[in-house]
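Structural features, examined
One letter stands for each residue in the lines below.
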Amino acid sequence: MKNIILIAAPAAGKGTLSEMLVEKYGYAHISTGDLLRDASSEASELGQKIANMLKNGELVTDEIVFELLEKRLENKDTLKGYILDGFPRTLTQAKMYDELVKKLNRELGIVVVLNTSYETLKKRIVGRVLCKKCGSVYNTLTGVNAPKQEGICDKCGGELLKRSDDNETSFANRYQTYLEKTEPLIDYYKEKGNLFYINGENKEQMLEEIEALLHD
Ligand code: AMP
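Model, not experiment: these values are computed from the prediction. (Residues numbered from 1 in each chain as written. Predicted model: local features only at pLDDT ≥ 70, side-chain atom pairs only at ≥ 80, totals over all residues. Heavy atoms only, no water.)

In this section: the site of the ligand. Inspection of the region around the ligand gives 16 residues, with Thr32, Glu58, Gly86, Arg89 and Gln93 positioned closest. One of the backbone N or O atoms of Gly86 is found 2.9 Å from a nitrogen atom in the ligand. Arg89 is positioned with one of its side-chain polar atoms (N or O) 2.9 Å from a nitrogen atom of the ligand. Out of a free accessible area of 480 Å², the ligand has 97% covered by protein chains. In terms of residue count, the dominant contributor to the shell around the ligand is helix H2 (residues 32–40) (four residues). Of the residues in the shell around the ligand, the class split is six nonpolar, four polar and six charged. (Near = heavy atom within 4 Å. Polar contact = N/O pair within 3.5 Å; in protein donor to acceptor, adjacent residues only side chain to side chain. Areas by Shrake-Rupley, 256 points an atom, 1.4 Å probe, with all protein chains shown as cover. Helix = DSSP H or I, 4+ residues; strand = E, 2+ residues; numbered from the N terminus. Nonpolar A, V, L, I, M, F, W, Y, C, P; charged D, E, K, R; others polar.)

Right, let's talk about the sheet that holds strand S3 (residues 82–85) for a bit. On the basis of which strands lie adjacent, the open sheet formed by five strands has the order S2-S3-S1-S4-S8 and parallel pairing. This sheet does not close on itself; its edge strands, each paired only once, are strand S2 (28–31) and strand S8 (195–199). Looking at each pair of strands side by side, their axes are set apart by 25° on average, direction ignored. As paired elements, strand S1 (residues 4–7) and strand S4 (residues 110–115) share four bridges and run parallel to each other. Directly across from Ile7, in S4, lies its bridge partner Val113. Packed on one face of the sheet, helix H1 (residues 14–25) meets S1, S2, S3, S4 and S8 and runs near 170° to S3. (Pairing = 2+ DSSP bridges. Axes fitted to C-alpha atoms, helices over the stretch in contact; angles between N-to-C directions. Contact = heavy atoms within 4.5 Å.)

Looking now at the layout of surface pockets. In this model, the second largest pocket occupies a volume close to 220 Å³. Forming the walls of the second largest pocket are Thr16, Glu19, Met20, Glu23, Ser136, Val137, Tyr138, Asn145, Lys155 and Lys203. Secondary-structure elements contributing two or more residues to the lining of the second largest pocket are H1 and strand S6 (137–139). When grouped by side-chain class, the residues that make up the lining of the second largest pocket number three nonpolar, three polar and four charged. (1 Å grid on protein atoms, 1.4 Å probe; cavity = no way out; pocket = protein on both sides within 12 Å on 5 of 7 lines; lining within 4 Å. Points joined across faces, edges and corners; volume = space filled by probe spheres on them.)

With that settled, consider the side chain of Ser40. Within the secondary structure, Ser40 sits in helix H2. When near neighbours in sequence (up to four residues on either side) are disregarded, Ser40 contacts Gly47, Ile50, Ala51 and Leu54.

Cis geometry is found at the peptide bond from Phe87 to Pro88, where omega equals -5°. Topologically, Pro88 is positioned in the loop between S3 and helix H5 (91–104). You will see that Asn105, though not glycine, has its phi angle at about 60°, which is positive. In this fold, Asn105 is placed in the loop between H5 and S4. Asn105 sits in the exposed class, given a relative accessible area of 70%. The backbone phi angle of Asn145 is positive, close to 65°, even though this residue is not glycine. Assignment of secondary structure puts Asn145 in the loop between S6 and strand S7 (160–161). (Buried < 20%, exposed > 50% of the residue type's maximum accessible area, 1.4 Å probe, protein only.)

What follows concerns helix H7 (residues 168–182). Since one α-helical turn is 3.6 residues long, residues separated by three or four positions face the same way. The end-to-end C-alpha distance of H7, which contains 15 residues, comes to 20 Å, matching closely the 21 Å that a straight helix rising 1.5 Å per residue would cover. Turning to H7, its buried residues number three or more, namely Ser170, Phe171, Arg174, Tyr175, Thr177, Tyr178 and Thr182. Considered in projection along H7, the buried side chains sweep an arc of 160° and stay on one side of the axis. Opposite the buried face of H7, at more than 90 degrees from it, the exposed residues are Thr169 and Glu180. On its buried face, H7 sits against S1, helix H3 (45–55), helix H6 (118–127), strand S5 (128–131) and helix H8 (184–192). (Expected span 1.5 Å × (residues − 1). Arc of directions from axis to C-beta.)

Don't take any of this as a statement about function, it's just geometry.
Structure follows, in structure tokens:
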């Protein structure tokens, strides 16, 4: 299976698309946001430092993220194909990753940009809730994918919680950071010739469009 790098603004649909690809094809899903949230719950000084950066919607340093990613890629489940969700987020990370891919003898794969409007992103962020137990994502504002029972996961009955960075202020920061730091990656990968766009507004369409690229 082709490895996939997803480039998108916060809440553009990376998590939802990844979930569908994991379910249908058995991809390994690597979300650097999830790796960081796990690391931030550790009681160490580093854990605290990460927690603060996440809360403010700031990017965590390239070194910390890269170390977590490298460790995750050592896991054999990534050999069959993996999705990078939320990485790379800066040009430095993209260049570091090119080296890592060579070192580990992996394929860069395809880079997919999700096009989603600003209004949709904001609603998704402010209304987003996640299952504490299984990580499933729901939304209480968009009218799409609302949990059947408020506060309870449809899939496993776990408790639904908001992420600490899913508020309007943090969203504004994260969106600005995306424009400044992450969007330049589009040109970087365009030059490499492995960049594709898909529409992130609609779940089913998103899956169809990425499948067309995977089966190409
Ligand atoms: P996400 O779950 O992808 O929305 O990421 C949540 C937060 O984790 C971001 O706002 C950043 O603070 C941090 N983060 C995730 N991935 C990266 C990365 N590749 N580089 C730096 N910070 C990251």
